[in-house]
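This is what each chain is made of:
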Amino acid sequence: MTKLSSNNKDSAALNPGRFIQGERAASKISTAQINTFLESNPQRRQQTHDLIAQLTTDRVLATDSSYYDTTKDQERRNTAVKIARLAQYMEHDIATARNNFHNKELIQDLQANNGNEPLLGPKDLAIFDKRLSLVANIDPQLSTRVGVHLGLFGNCIRGNGTDAQITYWLQERGASMLRGIYGCFAMTELGHGSNVGQLQTTATYNEGNKTFVINTPDLTATKWWIGGAAHSATHSVVYARLIVQGRDYGIKTFVVPLRDPDTFRMLPGVVIGDIGKKMGRDGIDNGWIQYNNVVIPQDHMLSRFVQIVQDGTTVSVKTQPQLDQISGYSALLSGRVNMVMDSFRFGAKFATIATRYAVGRQQFADKPGSPETQLLDYPLHQYRVIPQVALVYLVAPVAFKLMDNYYATLDELYRVSSAKDPKALVTVSAKLKNLFISSASLKATNTWLVAQLIDELRQTCGGHGYSQYNAFGKGYNDWVVQCTWEGDNTVLSLTSAKSILKKFGDTATRGKFDAELDGDQFGYMDPAFISKVYSGSAKVGDLNNDNNLDAYIEVWAIVLVKLLIHVGKAVKAAGKAGAVASGGDGAVSKLLVQVSRFHAIYLMLQTYHRKLSDPADSHISCNASRDVLWDVFRLFSLYLIDKHAGEFLQLQVLQAQDLQATVQPRLFALLARLRPECIALTDSLELPDAMLNAPIGFFDGDIYHNYFAAVTQTNPVEPDGAGLAPYHAALTAMLHRK
């Protein structure tokens, strides 16, 4: 059989790269400056580039088209090999970080730890955390499998354990270095996931020998979806009901061994199984666990915020109420914060692939004999693609800010909880609650938006987007778990919105607003602004005026306040505060989900605006780059106003004529204005081909040759008459039947 190929680069159809290269050459924006803006600052940008270069050239970690053809067993084996490789990088990263410590800092750390080697903290793990975030774009299941151990198991201990417990499990036993033991996070049960308060696994205290007995009382209490449990984990952190002398003290956290770390044999009373193949991320060995009278010592209960005090036969349980409940979710907080960053990284990958394809691909001509039209020259195609690029841009600044806020708040929590300063604990508790609200809103909103982004952009690539080799199929299956794990998005949105509604009520009725604590995230709750909305004097600014950038944020502030007023009135009129609190009032719950979504959009716009407005923070000196970035900002706001036109009309923030005469015409005008810079905007994301792993989106734009090569490399052409299909007999029997 003759292999078909062509090197006829003069043919427009066979040279789509000429369009991409031409638009790249014509651009007036600085991709380097824009990438610095997206990566937060020059130092972080350089670090990102260095880490990507390491990951994409490492022969163990790098992927190619064969990645899409692996079986579940192959994926799990490959992932285990890659984890071992990452452990080597971790040792290197931590050694480098510690060598860079200032001598004074190192001495202070040694003194604080009684002369021992200092505990690993955020400053040690920050580089490796970023490495994992970038690994997620190459092999999501790998980053998750490591993240379960470090981010969930490790952070649960770090967030809930005493200093002595943190030292023992993370340092002496080696967990923080991927050495000695390997952990999993046993929270979710077969019958309960988001409703953590109703988990059924029990931890019953035995005052006679000061131990706990861990039990799975029935089938629905089986720990389920536990990443690493099926084959990898030697230990689990278990969310279980603390039972002391017959009294239920609610959900607490315990470290429960599963396997002997040397032999990997299951320990007595532990039963584990594999939950099998999933929609995606099969490289993670998710399993189920049942505990049958498993006995652990008292010091295996993580006791930073809860202690059992025994005096003879008298047993008491002491807690720190302002932090006990929050601490139970501290491990999940890390995952939610990281998923906002993942939304930026993952969205950037698929926006780049689809945009390059839309510029290089031609389809249909005005008349016979005329050149076919580039897909991205169709206004409707622009509407489908360019706002998705804008989404990626808008999530980047808020992702970095949320990450920085997370590290700072957790550092403060560890410091003040060790010092046992009641006043400081109240302050850090308020900061943690704000962090929970915004991380929940941003996690839910952005993981939803990126799930839509991947599928919408897949469709814009037509049939080629359906090919596994162009990343969309596996990418979507790997991504959408983000919408349900570590907090189902709808439940997270409801939880976040209820807290926002309570804060709004305190401000609106009692003027309770701490500008220093709340102003950054909840600026729309300023009492003066709420009064303007109540009085009707808060008006939407001119969205047609390029100089009125504040209008694109203020319109969301107005709709948020009006929506919160509307929800508050609905709750009061229905007299069903209890039903709303449990999500039982459907109409109000639907509105609450929108409160959370609009809060996230407001945060994204506000953070982006503040960063770009400050030349020192944005690192943008090129006027053309700044102008394009402001157009991206305007487009994002208008696109989502158009998507949520119903709420803007219902709440009378905008009128029908505003949508018809301003929002929609302005939206399409911005699409046309941004169209010439689309290649430069996606180039500014600076993702190499090895990270994209999608031949229709490679940098050179040689769509068809790259794609054909990937397919034939993975699926070689068989010689004539050889390689009969294994189902050949079934086909011939059908065709030759009498």
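Thresholds, definitions, all that
- Residues numbered from 1 in each chain as written.
- Predicted model: local features only at pLDDT ≥ 70, side-chain atom pairs only at ≥ 80, totals over all residues.
- Heavy atoms only, no water.
- Helix = DSSP H or I, 4+ residues; strand = E, 2+ residues; numbered from the N terminus.
- Rg over C-alpha atoms; globule rule 2.2 N^0.38 Å.
- Contact = heavy atoms within 4.5 Å.
- Areas by Shrake-Rupley, 256 points an atom, 1.4 Å probe, with all protein chains shown as cover.
- Lys, Arg positive; Asp, Glu negative; His and termini not counted.
- Charge placed at Lys NZ, Arg CZ, Asp CG, Glu CD.
- Expected span 1.5 Å × (residues − 1).
- Buried < 20%, exposed > 50% of the residue type's maximum accessible area, 1.4 Å probe, protein only.
- Pairing = 2+ DSSP bridges.
- Core = buried A, V, L, I, M, F, W, Y, C linked by side-chain atoms within 4.5 Å.
- Phe/Tyr/Trp six-rings, centres within 6.5 Å; stacked < 30°, edge-to-face > 60°.
- Lys NZ or Arg CZ within 6 Å of the ring centre and 35° of its normal.
- Patch = residues over 30% accessible without salt bridge, like charges linked within 9 Å, V, L, I, M, F, W, Y side chains within 5 Å.
- Salt bridge = Lys/Arg side-chain N within 4 Å of Asp/Glu carboxyl O.
- Axes fitted to C-alpha atoms, helices over the stretch in contact; angles between N-to-C directions.
- Parallel < 35°, antiparallel > 145°, perpendicular 65-115°, else oblique.
- Nonpolar A, V, L, I, M, F, W, Y, C, P; charged D, E, K, R; others polar.
- Arc of directions from axis to C-beta.
- Left-handed = near helix turned anticlockwise from the far one by under 90°.

Asks: How should I be thinking about the overall build of the chain in this particular structure?
Replies: If you tally the helices and strands in the chain, you get 28 helices and eleven strands. Taking 738 residues into account, the globule formula puts the C-alpha radius of gyration at 27 Å, and the chain, at 28 Å, falls close to it. Its C-alpha atoms give the chain principal-axis dimensions of about 95 × 75 × 70 Å. Counting contacts in the chain only where the partners sit at least 6 residues apart, residues at least 24 apart contribute 76% of the total. Only carbon and sulfur atoms are counted for the fraction: they give 53% of the accessible area of the chain, which is about 31200 Å². Here the chain contributes 73 positively and 70 negatively charged side chains, and the mean placements of these two sets differ by 3 Å.

Asks: I tried to follow helix 20 (residues 586–613) on my own but got confused; where do I start?
Replies: For helix 20, which comprises 28 residues, the first-to-last C-alpha distance of 41 Å matches the rise-based estimate of 40 Å (1.5 Å per residue) to within 8%. Among the 28 residues of helix 20, 23 are classified as buried, and the element is accordingly described as predominantly covered.

Asks: Honestly, the pairing of strand 10 (residues 306–311) in this entry has me stumped. Any pointers?
Replies: The side chains of a regular strand alternate, residue by residue, between the two faces of the sheet. Alignment of strand 10 against strand 11 (residues 314–319), held across six bridges, turns out to be antiparallel. Paired with I308 across the strands is V317, a residue of strand 11.

Asks: Even after reading the chapter, I still don't get the environment of V244, so can you show me in this structure?
Replies: On the secondary structure map, V244 appears in strand 5 (residues 235–244). Accessibility expressed as a relative area gives 2% for V244, which makes it buried. Along the chain, V244 and Y205 lie 39 residues apart, while their C-alpha atoms are 5.3 Å from each other. Contact partners of V244, with chain neighbours within four places excluded, come to Y205, Y249, I308, V315 and V317.

Asks: Hey, could you run me through unusual backbone geometry in this one?
Replies: Its identity as a non-glycine residue notwithstanding, L178 has a phi of 55°, on the positive side. Residue L178 is classed as buried on the basis of its relative accessible area, which comes to 15%. Phi at K210 is positive, roughly 55°, even though this residue is not glycine.

Asks: Sorry if this is basic, but what is going on with the nonpolar core here?
Replies: Across soluble globular proteins, nonpolar side chains have a tendency to be buried as a group. Formed by 170 residues in total, the largest nonpolar core has its most connected members in Y393, Y524 and W556. Top element by residues in this core is helix 11 (residues 379–419). It accounts for 22 residues. What W556 contacts, discounting residues up to four positions off in sequence, is F598, I601, L605, S637, L640, I641, H644 and F648. In this structure, A203, A233, L242 and V256 belong to the second largest nonpolar core, which totals 27 residues.

Asks: What should I look at first to understand the packing of aromatic side chains in this one?
Replies: For any pair of aromatic rings, the description rests on two quantities: the centre-to-centre distance and the angle between the ring planes. Inspection of every chain in the model, using the stated rule, returns 21 aromatic pairs. Residues F522 and Y524 carry aromatic rings whose centres are separated by 6.5 Å and whose planes lie at 65° to one another, so their mutual orientation is edge-to-face. Exposure remark for F522: the relative accessible area of 0% places this residue in the buried category. We note R24 situated over the ring of F699; from NZ or CZ to the ring centre the distance is 3.6 Å. Cation over ring: K503 sits above F522, and NZ or CZ is 4.9 Å from the ring centre.

Asks: Looking at this structure, how should I read a nonpolar patch on the surface?
Replies: The grouping of Y727, L731, M734 and L735 at the surface amounts to a nonpolar patch, some 450 Å² of accessible area in total. Mapped onto the secondary structure, L731 falls in helix 28 (residues 728–735).

Asks: Whenever I open this one, the side chain of Q594 confuses me. Can you help?
Replies: Note that Q594 resides in helix 20. Apart from residues no more than four positions distant in its own chain, Q594 is found in contact with L563, H644 and E647.

Asks: What exactly am I supposed to notice about the pattern of salt bridges here?
Replies: Any two side chains of opposite charge can pair if their charged atoms end up close together. A complete count under the given rule lists 32 salt bridges for this structure. Taking the shortest distance from any N to any O, the salt bridge between R304 and D163 comes out at 3.1 Å. One end of the pair, R304, is in the loop between strand 9 (294–297) and strand 10; the other, D163, is in helix 8 (residues 163–172), and 141 residues separate them in sequence. By relative accessible area, D163 is classed as partly exposed at 43%. For D506, the salt bridge is made with K502, and the minimal N-O distance between the two is 3.3 Å. Of the two residues, D506 and K502 both sit in helix 15 (residues 489–510), four residues apart, roughly one turn of that helix. Taken together, the salt bridges that share partners define one network made up of D546, D631, R634, R666 and R673.

Asks: Which parts of the structure should I look at to understand the sheet that holds strand 8 (residues 287–291)?
Replies: Paired through their backbone hydrogen bonds, the strands of a sheet run either parallel or antiparallel. Pairing in this open sheet of three strands is antiparallel, and the strands run 4-8-7 from one edge to the other. The open sheet has two free edges, formed respectively by strand 4 (223–226) and strand 7 (270–274), since each of these has just one partner strand. Here the strands of the sheet are splayed against their neighbours by 25° on average, with no regard to which way each runs.

Asks: Got a minute to help me understand the environment of L199 in this structure?
Replies: As for its position among the elements, L199 is in the loop between strand 1 (183–186) and strand 2 (202–206). Along the sequence, L199 and W479 sit 280 residues apart, while their C-alpha atoms lie 26 Å from each other. Setting aside residues no more than four positions away along its own chain, L199 makes contact with M187, E189, H192, K223, Y239, R241 and I251.

Asks: What exactly am I supposed to notice about the environment of H705 here?
Replies: Within the secondary structure, H705 sits in helix 27 (residues 703–714). Residue H705 is classed as partly exposed on the basis of its relative accessible area of 23%.

Asks: Could you clarify how one ought to interpret the pairing of strand 9 in this entry?
Replies: Burial of the side chains of strand 9 is restricted to one face: V294 and I296 are buried, whereas none of V295 and P297 on the reverse face is. Pairing between strand 3 (residues 211–215) and strand 9: four bridges, direction antiparallel. Looking across to strand 9, one finds that I214 is bridged to V294.

Asks: Just checking my understanding: could you explain the packing of helix 2 (residues 31–38) against helix 3 (residues 42–57) for this structure?
Replies: Packed helix pairs are specified by the crossing angle of their axes together with the interaxial distance, meaning the distance between the axes. Running from amino to carboxyl end, helix 2 crosses helix 3 at an angle of 100°, the nearest separation of the two axes being 8 Å. Compared by their axis directions, helix 2 and helix 3 come out roughly perpendicular. Here A32, N35 and T36 of helix 2 lie close against helix 3, whose contacting residues are P42, R45 and H49. Among the residues forming the contact of helix 2 with helix 3, the class breakdown is two nonpolar, three polar and one charged.

Asks: What is the right way to read helix 14 (residues 472–479) from this model?
Replies: Three- or four-residue spacings in an α-helix give side chains the same orientation, since the helix completes a turn every 3.6 residues. Within helix 14, the full set of buried residues consists of F472, K474, G475, D478 and W479. The arc that holds the buried residues of helix 14, viewed along the axis, is 165°, so those residues lie on one side.

Asks: Whenever I open this one, the packing of helix 7 (residues 140–160) against helix 8 confuses me. Can you help?
Replies: Where helix 7 meets helix 8, the axes come as close as 8 Å, and the angle between the chain directions of the two elements is 160°. Considered as vectors, helix 7 and helix 8 are oriented roughly antiparallel to each other. The crossing of helix 7 and helix 8 is left-handed. On helix 8, the residues touching G154, I157 and R158 of helix 7 are Q165, I166, W169 and L170.

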